[in-house]
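# Report on the structure
These are the residues of each chain, in order.
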Amino acid sequence: MMTSKNSCQFKYQKTFFNRQKRADASTDRAMMSKQVILVATISGLLMSGCQTTTSNDLTSSTPYQTSTRPSDDRNLDQQEIARVRTSLAAQYIRKNELDTAQRQLEKAFAADSRYAPAYDMMGVLLQQEGSRINLAKADEYFKKAIALDKEFVQAHNNYGVYLSQTKRYREAAEQFEIAGASLGYEGRIGALENLGRTYLQLKDNSAAAKAFLRALDGNRSSIIAHIELVDLLLEQQRVPQAQRLYDETLMLVQGQGISPRLLLQGIKLAAAQNNITTRQQLAHNLLSAYPLSDEAKQLKTWLNNPEAPWK
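Values in this document were obtained by computation on a predicted structure and should not be read as measured data.

So, how was this worked out
Each residue is numbered by its place in its chain's sequence as written, counting from 1. Since the coordinates come from a predicted model, pLDDT governs what is reported: local features require at least 70, and pairs of side-chain atoms require 80 or more to be given and counted, while whole-chain, interface and lining totals use all residues. In computing side-chain values, all of the structure's heavy atoms are included and hydrogens and water are not. Strands here are runs of E lasting at least two residues and helices are runs of H or I lasting at least four, both read from the DSSP assignment and numbered beginning at the N terminus. In these notes, a set of buried Ala, Val, Leu, Ile, Met, Phe, Trp, Tyr and Cys residues joined through side-chain atoms within 4.5 Å is what counts as a nonpolar core. Relative accessible area decides the class of each residue, using a 1.4 Å probe on protein chains only: under 20% of the type maximum gives buried, over 50% gives exposed, and in between gives partly exposed. Should any heavy atoms of two residues lie within 4.5 Å, those residues are considered in contact. Every angle, taken between N-to-C directions, lies between 0 and 180 degrees, and every axis is a line fitted to C-alpha atoms, over only the stretch in contact when it is a helix. Our angle categories are set so that under 35 degrees counts as roughly parallel, over 145 as roughly antiparallel, 65 to 115 as roughly perpendicular, and the remainder as oblique. In this scheme the handedness of a crossing depends on how the near helix is turned from the far one: anticlockwise by less than a right angle means left-handed, clockwise means right-handed. Between rings of Phe, Tyr and Trp, where Trp is taken as its six-membered ring, a pair exists when centres lie within 6.5 Å; planes separated by under 30 degrees are stacked, by over 60 edge-to-face, and by other angles tilted. Over a ring means this: the NZ of a Lys or the CZ of an Arg is within 6 Å of the ring centre and within 35 degrees of the ring normal. Put simply, a salt bridge is a Lys or Arg side-chain nitrogen that is within 4 Å of an Asp or Glu carboxyl oxygen.

### A short note on unusual backbone geometry
- The phi angle at asparagine 96 is positive, at roughly 60 degrees, despite the residue not being glycine.
- With respect to the secondary-structure elements, asparagine 96 resides in the loop between α2 (76-94) and α3 (98-111).
- Phi is positive for asparagine 274, which is not a glycine, with a value near 60 degrees.
- Inspection of the secondary structure assignment puts asparagine 274 in the loop between α12 (260-272) and α13 (276-289).

### Brief notes about the nonpolar core
- Counting residues in hydrophobic clusters, the biggest one holds 76 residues, and the most contacted among them are Leu105, Leu125, Phe212 and Leu299.
- Broken down by element, this core gets its largest block of residues, nine residues, from helix α10 (residues 223-235).
- With near-sequence residues (within four places) excluded, leucine 105 lies in contact with Thr86, Ala89, Ala118, Met121, Met122 and Leu125.

### Side note on the packing of helix α8 (residues 188-201) against α10
- Following both chains from N to C, one finds α8 and α10 inclined at 30 degrees, their axes separated by 10 Å at the closest point. In terms of their interaxial angle, α8 and α10 are classed as roughly parallel. Crossing hand, α8 versus α10: left-handed. In this structure, α8 uses Glu193, Arg197 and Leu200 to contact α10, whose residues at the interface are Ile224, Glu228 and Leu232.

### Quick word on the packing of aromatic side chains
- Scanning the model with the defined rule gives six aromatic pairs in all.
- Pairing tyrosine 159 with tyrosine 162 gives two aromatic rings, centres 6.0 Å apart and planes at 15 degrees, and the pair type is stacked. Highlighted residues: tyrosine 159 and tyrosine 162, both in helix α6 (residues 153-165), separated by three residues, approximately one helical turn. In this pair, the class of tyrosine 159 matches that of tyrosine 162, namely buried.
- The residue whose ring lies beneath lysine 144 is tyrosine 119, and the NZ or CZ to ring-centre distance is 5.9 Å.

### Looking at the pattern of salt bridges
- Scanning the entire structure with this criterion turns up eight salt bridges.
- One salt bridge in this structure joins lysine 143 and aspartate 139, with 3.1 Å as the shortest N-O distance. Taken together, the positions of lysine 143 and aspartate 139, both in helix α5 (residues 132-148) and four residues apart, correspond to about one turn of that helix.
- Judged by its relative accessible area of 39%, lysine 143 is partly exposed.
- Two residues, arginine 168 and glutamate 171, come together in a salt bridge whose shortest N-O distance is 2.9 Å.
- Judged by its relative accessible area of 25%, arginine 168 falls in the partly exposed class.

Just distances and angles here, no functional claims.
So this is what it looks like as structure tokens:
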């Protein structure tokens, strides 16, 4: 699937709100306690070591969708051979054994020349190989899969990923819209996440937000949708909503580690709410754990000019 940011990352910016004046010393102590708890939570996530990886890879652990319609007049035994060969090819692609995968798909075509998933998988294979010649060939295989079986939703999703990789974002959005609207399709939430990411590439933040909200409606545990919406809300200075989604995100990734992007989001939220202690602690965590990350560079730039907008 479409992957253009590191794990746990695919574009979210949010807003700020003005902090109320502190009423008395006891309120200050309560707020400080809350900040310490948040920092402790994030520090604990850092200790767990690995980053969350929300992958939409075409050959990920999600079961590959095979043919979605009856075989018409085709030989059922031959169609079954094509199905097995295509499934084997998917396994070889996961292991990057592309030559072996290609041989399996040729056997699938020989068994059933109209088996749509075999054409889709060949498109995936050629896309993964990545050379200019094979990327050009992949386009025709995806189109062939869709032409053979318009109800084979995974081909639309996979074609959208290909189109995104080749920067044909408008066309990609059309394919993701089809997959994201297909109720019952196992990869529907991933298609909606990809749709949101594609709209971000098109600089259409409103459409992106709608796609991510649709993903959350379908699966409240979508880490990608959470993270992207936090950034979008921060960009609109809607800090309370961004904070709530951010807190949910921390719960979702608990035990999996925390990405530099999440740390930077926490810093932005703390800065927006004048939570100096939290901001400083998270900045220390980011610079210590991920000193060479893009997020660390953004933080350093901002620290040198706190009045400037985040970039």
